[in-house]
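# A closer look at the structure
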Amino acid sequence: SYTRWHGISPSRMRPKMVGSVLMPGRYFGRREAACLYTSWMNAATLLPTHLIVDDLDRWVREDGIDEGDITTEVLVEVGEHASMRLVAREDLVVCGLEPVVRGLEALGCGLTLQPTMRDGDTASVGEALGTLSGERRAILGFERTILNLLGRLCGVATCTRRFVDAIAGTDAVITDTRKTMPGL
């Protein structure tokens, strides 16, 4: 339910200005200060799974994974299973795990990402964000794309958190982080 997932009842929501669009929503405390939750939108509505799948597929093809990797083909047996932990190399704000989970599931590539944190959480150096499991060849094919995507998204979220923290205690509000990039 909405209340269980977000910790607030939709009846307590109030309108907030986001850019130039009035949307029902409420900013939470410092932990989720940059996130806007609404009673009629969720991550799947804001970023449909088919768009994630299209982008993941395109990025993997750009890396040439669909053509095969000679090193992986020579060194890794077909059907060999493995798992890898996604570990923070610096303190960061987690962002992007939920869409990656949906994208991998929908792609049907045999990989699963089991998050150990939620988007918006703070991870310290060495903490695991999640575990990627599946066929070793598929992990080696997708890992760079996944790490690049999560690195970018966590970087934007971390930078945004710094701005939000900098204005804490003032009447200022961060309403737009301008984090749109071509292809994302």
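In what follows, the structure referred to is the one given above.
Now for a description of the structure that goes with this document. No experiment lies behind these values; they were computed from the predicted model shown.

### Here's the deal with the sheet that holds strand β6 (residues 112–115)
Here we have three strands laid out as an open sheet, ordered β4-β8-β6, and antiparallel in their pairing. The sheet is open, and its two edges are formed by β4 (81–87) and β6, each paired on a single side. Strand-to-strand twist of the sheet, defined as the mean angle between neighbouring strand axes without regard to direction, takes the value 20°. Pairing analysis gives four bridges linking β6 to strand β8 (residues 128–135), with the strands arranged antiparallel. Bridging across to β8, Thr 112 finds its partner in Ser 133. Each of β6 and β8 is contacted by helix α5 (residues 97–107), which is oriented at about 155° to β6, the strand it contacts most. Sitting on the sheet, helix α6 (residues 136–166) is in contact with β4 and β8, with an inclination near 155° to β8.

### Considerations on the pattern of salt bridges
Counted according to the given criterion, the structure contains three salt bridges. Ionic pairing is found between Arg 58 and Asp 55, a salt bridge with its closest N-O pair at 2.9 Å. Note that Arg 58 and Asp 55 are positioned in helix α3 (residues 49–62) at a spacing of three residues, about one turn of the helix. We note a salt bridge from Glu 98 to Arg 102, for which the minimum N-O separation is 2.5 Å. Of this pair, Glu 98 and Arg 102 both sit in helix α5, four residues apart, roughly one helical turn. According to the relative accessible area criterion, Glu 98 is partly exposed, its value standing at 30%.

### Some remarks on α3
Here α3 is 14 residues long and its end C-alpha atoms lie 20 Å apart, about the 20 Å a rise of 1.5 Å per residue gives. Within α3, the full set of buried residues consists of Ile 52, Val 53, Asp 55, Leu 56, Trp 59 and Val 60. The buried residues of α3 all sit within an arc of 170° when viewed along its axis, so they share a single face. In α3, those exposed residues whose orientation departs by more than 90 degrees from the buried face are His 50 and Glu 62. Where the residues of α3 are buried, they touch α5 and α6. Where α3 terminates, the next one or two residues include Gly 64, which has phi positive at roughly 80°.

### Some words on the pairing of β8
Across seven bridges, β4 lies against β8 in antiparallel orientation. Opposite Val 87, over in β8, you have Ala 128 as the bridge partner.

Procedures and definitions
Residues numbered from 1 in each chain as written. Predicted model: local features only at pLDDT ≥ 70, side-chain atom pairs only at ≥ 80, totals over all residues. Heavy atoms only, no water. Pairing = 2+ DSSP bridges. Helix = DSSP H or I, 4+ residues; strand = E, 2+ residues; numbered from the N terminus. Axes fitted to C-alpha atoms, helices over the stretch in contact; angles between N-to-C directions. Contact = heavy atoms within 4.5 Å. Salt bridge = Lys/Arg side-chain N within 4 Å of Asp/Glu carboxyl O. Buried < 20%, exposed > 50% of the residue type's maximum accessible area, 1.4 Å probe, protein only. Expected span 1.5 Å × (residues − 1). Arc of directions from axis to C-beta.

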